[in-house]
Amino acid sequence: TRREEEKKRKVYRKRRTQSKSVPSFPLEMEEQETRKEDLATEEERLVYRRRRTKPKSTLCFLPLELTSEILLRLPPRSVFRFRCVSKLWSSITTDSYFIKSFETRPLLQPGLLVCFKKDGKLFVSSILQLHLVSKDSSSYSFSQPIFDRYQMEFPKEYSCFLPTESVNGLICFQDKSGKPIVWNPNKRQFLTLPRLRKSWESIAMLLGYDPTEGKHKLMCIPSRRSSDVCQVLTLGSTQESWRPVKTNHKHHVCFHDSGRCINGGFDVKFEKLGMIDLPSDIHRDMLINYGGRLACVDKVWRKNRLWILEDAGKHKWSSQDFLSPFVHFNESLKTYFNLKGYTHAGEFVFVPSMFSKFFYILLYDPVRNSFRRIEGMVDDYDENFFNKGLQRQRTYVLYTFLNHI
């Protein structure tokens, strides 16, 4: 009928209108994503992309060369601490090539290492060897800050503390039984070396360093009798054992000194001992490294003269006089200061042999003829020491190591 046909037409029109106004589900989702993209700013999109592409660990994606270069620019204390960060960092910092590069890097500043023993502990301080100049006066004095200070246990068997000089970061001494001990101040570690095979009653130790192979070597010679043999040990080698080396000269130590690691004398690389004729007018107990050359102090103190080795092969020496005496008495401090050595910064270092509560180190600039002073003190100094039945002030021995790295 006509009414039924009209009804069917209305239903068809209604369905057709709904199909045009209501999109399909996938099309609706795509339009919503497009709107979101349009509303997002450029900055938000960049942040979103970075979050999606950010790795779980940034360290793993750094090139090995870049990581090594970053670690080479850090101070020694930080490098040793960062060994615990990961196995990769530990392998980098313990690699022989990295250690050699670290020791020879130009950023490494030599320092002045001072220490003393107190109540079974070793108190250590490091001071930069900065050559500071005053424009107003030819003589000046100030306190220089200590950039590293710590204390460590000092075993009782190490009570005999007669150390060598600091050679490329290492220092050696002997314990009560005569065993050599290696001290690494940067790592704060002691290492006991094997006992000598030779049955020498008393020995003198000399520590050397071969820069071509990056190895330390320890040489021992008798100090109370003559011998034509010395004992040599290479530190860090797989076979840590002493080996005899013929010296072709009868020798023994006739003065209390730890020797100097310098060109001439004992060839560390080829392990050969040479002889150098000394000037007759020198003080044999005073050997120093003067700008990379061996130097001796004249035995007549008032001359203020230094004898400098010019050619070890030709036994050629030159002399140079200075204005300041090498045994200096400071009127204000009422203390004698003995010459300890010469820094890479161009200053003579004078230290007291003993001190009580405060210690002072004098640095003398021979070019400007001026002094500067470094001060230190003992923490928790026992002011009641007089009340313990001892009619003297408590004193300590000050050990000083120049050009320590």
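Residues numbered from 1 in each chain as written. Predicted model: local features only at pLDDT ≥ 70, side-chain atom pairs only at ≥ 80, totals over all residues. Heavy atoms only, no water.

Quick look at the packing of aromatic side chains
Right, so step 1: Taken as a whole and assessed by the stated rule, the structure comprises 26 aromatic pairs.
Right, so step 2: On the basis of an interplanar angle of 65° and a centroid distance of 6.0 Å, the ring pair of Phe82 and Trp89 is categorised as edge-to-face.
Right, so step 3: Trp89 sits in the buried class, given a relative accessible area of 15%.
Right, so step 4: Between Trp183 and Phe401 the ring centres are 6.3 Å apart and the planes differ by 75°, which places this aromatic pair in the edge-to-face class. One end of the pair, Trp183, is in strand 5 (residues 180-184); the other, Phe401, is in strand 24 (residues 399-404), with 218 residues separating them in the sequence.
Right, so step 5: Taking the relative accessible area as the measure of exposure, Phe401 reaches 4% and is therefore buried.
Right, so step 6: Directly above the aromatic system of Tyr150 lies the positively charged group of Arg188, at a separation of 3.9 Å from the ring centroid. (Phe/Tyr/Trp six-rings, centres within 6.5 Å; stacked < 30°, edge-to-face > 60°. Buried < 20%, exposed > 50% of the residue type's maximum accessible area, 1.4 Å probe, protein only. Helix = DSSP H or I, 4+ residues; strand = E, 2+ residues; numbered from the N terminus. Lys NZ or Arg CZ within 6 Å of the ring centre and 35° of its normal.)

Here's the deal with the environment of His328
Right, so step 1: Of note, His328 is situated in strand 17 (residues 327-330).
Right, so step 2: Classification of His328 as buried rests on a relative accessible area of 15%.
Right, so step 3: As a C-alpha pair, His328 and Asn338 span 10 residues in sequence and 6.4 Å in three-dimensional space.

Comments concerning the side chain of Thr247
Right, so step 1: Inspection of the secondary structure assignment puts Thr247 in strand 10 (residues 243-251).
Right, so step 2: A polar contact is formed between the side chain of Thr247 and the backbone oxygen of Asp228, at a distance of 2.9 Å.
Right, so step 3: Setting aside chain neighbours within four positions, we find Thr247 in contact with Ser227, Asp228, Val229, Cys230 and Leu273. (Polar contact = N/O pair within 3.5 Å; in protein donor to acceptor, adjacent residues only side chain to side chain. Contact = heavy atoms within 4.5 Å.)

Overview of the pattern of salt bridges
Right, so step 1: Across all of its chains, the model carries 10 salt bridges by this definition.
Right, so step 2: Residues Glu271 and Lys217 are paired through a salt bridge, measuring 3.0 Å at the closest nitrogen-oxygen approach. Of this pair, Glu271 sits in the loop between strand 11 (266-267) and strand 12 (272-273) while Lys217 sits in strand 8 (residues 215-222), and the two are 54 residues apart along the sequence.
Right, so step 3: Judged by relative accessible area, which is 15%, Glu271 ranks as buried.
Right, so step 4: A salt bridge links Asp228 to Lys246; its shortest N-O distance comes to 3.1 Å. In this pair, Asp228 is assigned in strand 9 (residues 227-234) and Lys246 in strand 10, connecting sequence segments 18 residues apart.
Right, so step 5: For Asp228, a relative accessible area of 27% translates into the label partly exposed. (Salt bridge = Lys/Arg side-chain N within 4 Å of Asp/Glu carboxyl O.)

Describing the nonpolar core
Right, so step 1: Of all hydrophobic cores here, the largest spans 18 residues; its most connected members are Ile288, Tyr290, Leu306, Phe326, Leu339, Phe348 and Phe350.
Right, so step 2: At the level of elements, strand 13 (282-290), strand 14 (293-298), strand 15 (305-311), strand 18 (335-342), strand 19 (348-351) and strand 21 (358-365) are the ones that each hand at least two residues to this core. (Core = buried A, V, L, I, M, F, W, Y, C linked by side-chain atoms within 4.5 Å.)

What to know about the confidence of the model for the protein chain
Right, so step 1: Looking at the protein chain, the pLDDT average stands at 76 and 71% of residues meet or exceed 70.
Right, so step 2: Note that residues 19-31 has pLDDT below 50 and, in this model, one contact with residues that lie over four places away or in other chains.
Right, so step 3: Contacts of residues 385-390 to residues separated by more than four positions or lying in other chains number eight contacts, the stretch itself having pLDDT below 50. (pLDDT = per-residue confidence, 0-100.)

A short note on helix 4 (residues 64-72)
Each full turn of the α-helix corresponds to 3.6 residues, which orients residues three or four apart in the same direction.
Right, so step 1: Within helix 4, burial applies to Thr67, Ser68, Leu71 and Leu72. Down the axis, helix 4 shows its buried residues gathered within 135° of arc, on one side only. (Arc of directions from axis to C-beta.)

Digging into the side chain of Gln174
Right, so step 1: Along the chain, Gln174 falls in strand 4 (residues 171-174).
Right, so step 2: At 3.4 Å, the side chain of Gln174 forms a polar contact with the backbone oxygen of Ile203.

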